[in-house]
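Structure assessment
Residues per chain, in single letters:
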Amino acid sequence: MKKVLGVVLSLGLLVGLAGCSSQTPATGSTNPPAAVEPIKMGRVDAAAHGTNAVTIAVVAVQGDKIVGVSLDEYQFMPADKATGLANSEGLAAKNYKDPAQVLASKMVNSEYYSNNMKEKAGSTVAYADNFNAIVEFCEGKTIAELEGVLTSTPAEKMPVDTVSGSTLADTAGYVKAIVDAAKAAK
């Protein structure tokens, strides 16, 4: 009987202690929980890689912190080697200057584009890996932090010295597109 009573009292104590460690503020507390900032989305089209491509940066911002980034770039590529955007063969193709070219995502065609970069510029890092490194670098930072990086780092040092893992010569342009999209968040 003493053992059963001891177990019941022990369980009662555990339940009582668990109730004391609740995360809910006590009634009448002068410190109500902080309101969670809404997540806002921003999007920009940019010329981060010069005049032959269009960069699309979509950014989720909470307060002034970047919490998510989608980054891609589009340019014309050979239709027989690259997967074009949706409807490339249909309505959109009617307006292409060269029917042997399709407007294509570099991320979707990362393998083809990476091989192209390897042949023409000696690149050793896959295109998608470069973009993923840029995204990972930007996520979790504030707009002001990224602006500070852009103003304090020469563009030619940006790929290697600042954004670890990205070897793209235009890394600063992609980071700027992300900053601009974050500023456009509504």
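Residues numbered from 1 in each chain as written. Predicted model: local features only at pLDDT ≥ 70, side-chain atom pairs only at ≥ 80, totals over all residues. Heavy atoms only, no water.

Our next topic: the packing of helix 2 (residues 110-121) against helix 3 (residues 127-138). Viewed as axis vectors pointing N to C, helix 2 and helix 3 meet at an angle of 100 degrees, and their least axial separation amounts to 7 Å. Here helix 2 is positioned roughly perpendicular relative to helix 3, judged by the angle of their axes. When helix 2 is examined against helix 3, the residues S110, Y113, S114 and M117 are found in contact with a partner set consisting of Y127, A128 and N130. Partitioning the contact of helix 2 with helix 3 into residue classes produces 4 nonpolar, 3 polar and no charged. (Axes fitted to C-alpha atoms, helices over the stretch in contact; angles between N-to-C directions. Helix = DSSP H or I, 4+ residues; strand = E, 2+ residues; numbered from the N terminus. Parallel < 35°, antiparallel > 145°, perpendicular 65-115°, else oblique. Contact = heavy atoms within 4.5 Å. Nonpolar A, V, L, I, M, F, W, Y, C, P; charged D, E, K, R; others polar.)

Glancing now at the nonpolar core. Core analysis: the largest hydrophobic core is formed by 35 residues, its most contacted members being V59, L71, I134, L146, Y174 and I178. For this core, the secondary structure elements donating two or more residues are strand 2 (54-62), strand 3 (65-78), strand 4 (101-105), helix 2, helix 3, helix 4 (143-152) and helix 6 (171-183). Of all the elements, helix 6 adds the most residues to this core, at 8 residues. (Core = buried A, V, L, I, M, F, W, Y, C linked by side-chain atoms within 4.5 Å. Buried < 20%, exposed > 50% of the residue type's maximum accessible area, 1.4 Å probe, protein only.)

The next subject is the pairing of strand 2. Inspection of the sheet shows strand 1 (residues 39-46) paired to strand 2 by 8 bridges, in the antiparallel sense. What sits directly across from K40, in strand 2, is V61. Direction of pairing for strand 2 relative to strand 3: antiparallel, over a ladder of 9 bridges. Paired with A57 across the two strands is L71, which belongs to strand 3. Connecting strand 2 to the antiparallel partner strand 3 that follows it, the hairpin turn spans 2 residues, and G63 within it adopts a positive phi of roughly 70 degrees. (Pairing = 2+ DSSP bridges.)

With that out of the way, let us pick up the pairing of strand 3. Alignment of strand 3 against strand 4, held across 5 bridges, turns out to be antiparallel. Looking at the pairing, F76 lines up with L103 of strand 4.

By themselves, these observations are geometric and do not establish any function.
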